[in-house]
Amino acid sequence: MKIVSNVRIVSIDKTPQQATVSDPVSIVLDAGRIAWIGSKAQLPDRYQGAAVTDFGGRIATAGLIDCHTHIIYGGDRAKEFQMRLEGASYEDIAQAGGGIMSSVRGTRGASEGELLAQALPRVDALLREGVTTLEIKSGYGLEIEAELKMLRVARQIKRERPISIRTTWLAAHALPPEYRHDRDGYLREIVITGMKRAHAEGLIDAVDGFCEGIAFSVAEMQAVFDQATKLNLPVKLHAEQLSDLSGAKMAADHGALSADHLEYLGDDGIAAMAASGTVAVLLPGAFYTLRETKLPPIQKLRDAAVPMALATDCNPGTSPLTSLLLAMNMGATLFRMTPAECLAGVTTNAARALGLSDRGEIAVGKRADLAIWNITDPAELSYRVGFNPLHQRIVGGIYV
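Just so we're clear, the structure is a prediction, and the values are computed from it rather than from any experiment.

Turning next to the pattern of salt bridges. Here the structure, examined in full by the defined rule, presents 22 salt bridges. Of the charged contacts, one joins Asp 124 and Arg 161 as a salt bridge, the two residues approaching to 2.6 Å between their closest N and O atoms. You can see Asp 124 sitting in helix α4 (residues 112–127) and its partner Arg 161 sitting in the loop between α5 (144–160) and β8 (164–172), a full 37 residues away along the chain. Owing to a relative accessible area of 23%, Arg 161 belongs among the partly exposed residues under this scheme.

Have a look at this one:
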């Protein structure tokens, strides 16, 4: 049992979304959970004698949650960065054998140890900024063994570092060359068969797919989701990043946890997401890297009360971003989200996007995941660029 003493808790009011800061309080951490919150003078007798750490009136938030990453991959795609600067589009690069397929070659050729060694520095960068929960997708193997290899590495990261990991099956990320003439065969033999095997091995927490003209259709993703439902696995979807295929609507109709990207999201998708409670996961790193000009419909999402999360989308090609604080700044600067919306986007709404009701806010009964900051106003977390004000990260009640 521990007592986090003399901290000011940030809470976020939902309507309108504003961040408020409490007077100094004490927080009792017991068995990985928050057991009590209140003023030091009111501390119950049963907690007297517990180890106390005085944080000097610093601001505390829930531990940050990066709810959309592709952080495990082999190789890099710096050359594509140059190609985009020279005018090549995302589609041009993909059709030339780059893009996702470049990472597929690097990932297939790497051992689990090599993938782990490459991923850990990226993970560590996020941990240093107060991240306590991290979602990791497969999707750079595109064959069963390589996809499972990625997921095993994701599970290994949890053993190597003090962090919660959620894994997502994303075999429906792209069509590999060996199946270029057999889309149905790939979905049947790799995506669905592999999903069953990964589930049987306890390697996945959710199922995702890339619904786009250069990837998979709404009908194809619906078949994948139908299988996920049979396995009682929640679903999410990369949707409306490059065009409006109504993927978000289909995902919401399946009760998806989230629909992600959403630059081209239409009114029907917004309405479906609002009705289902599907979270809009916004990824400003990809928007920035691809120099996109079509903004997600932020105001319409607000008006419809669709919860909005933010994530790094850490990946080797379209969002080589390993700073969730910078993603918050981009959410505010590029997408015109408020600082309170950005903070909710990496705490309460990010937890919701992963189907995790036990974290994302500082409240009795929640996981003892906290970030203590050297700031005077929570808006600083979105305001500053290239500056990390983290003072202390607490994961499951453990100071790390």
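Attention now goes to the nonpolar core. Ile 72, Ile 157, Trp 169, Met 195, Met 221 and Met 273 are the most contacted members of the largest nonpolar core, which has 98 residues in total. Discounting chain neighbours no more than four positions away, the residues touching Ile 72 are Leu 115, Ala 119, Arg 122, Ile 136, Tyr 140, Met 150, Val 153, Ala 154 and Ile 157. Counting residues in hydrophobic clusters, the runner-up holds 15 residues, among them Val 4, Val 7, Leu 29 and Ile 394.

On to the pairing of strand β5 (residues 51–62), then. As paired elements, strand β1 (residues 2–13) and β5 share seven bridges and run parallel to each other. Paired with Ser 5 across the strands is Asp 54, a residue of β5. Pairing geometry for β5 and strand β14 (residues 370–373), over four bridges, is antiparallel. Bridging across to β14, Thr 61 finds its partner in Ala 371.

Conventions we followed
Residues numbered from 1 in each chain as written. Predicted model: local features only at pLDDT ≥ 70, side-chain atom pairs only at ≥ 80, totals over all residues. Heavy atoms only, no water. Salt bridge = Lys/Arg side-chain N within 4 Å of Asp/Glu carboxyl O. Helix = DSSP H or I, 4+ residues; strand = E, 2+ residues; numbered from the N terminus. Buried < 20%, exposed > 50% of the residue type's maximum accessible area, 1.4 Å probe, protein only. Core = buried A, V, L, I, M, F, W, Y, C linked by side-chain atoms within 4.5 Å. Contact = heavy atoms within 4.5 Å. Pairing = 2+ DSSP bridges.

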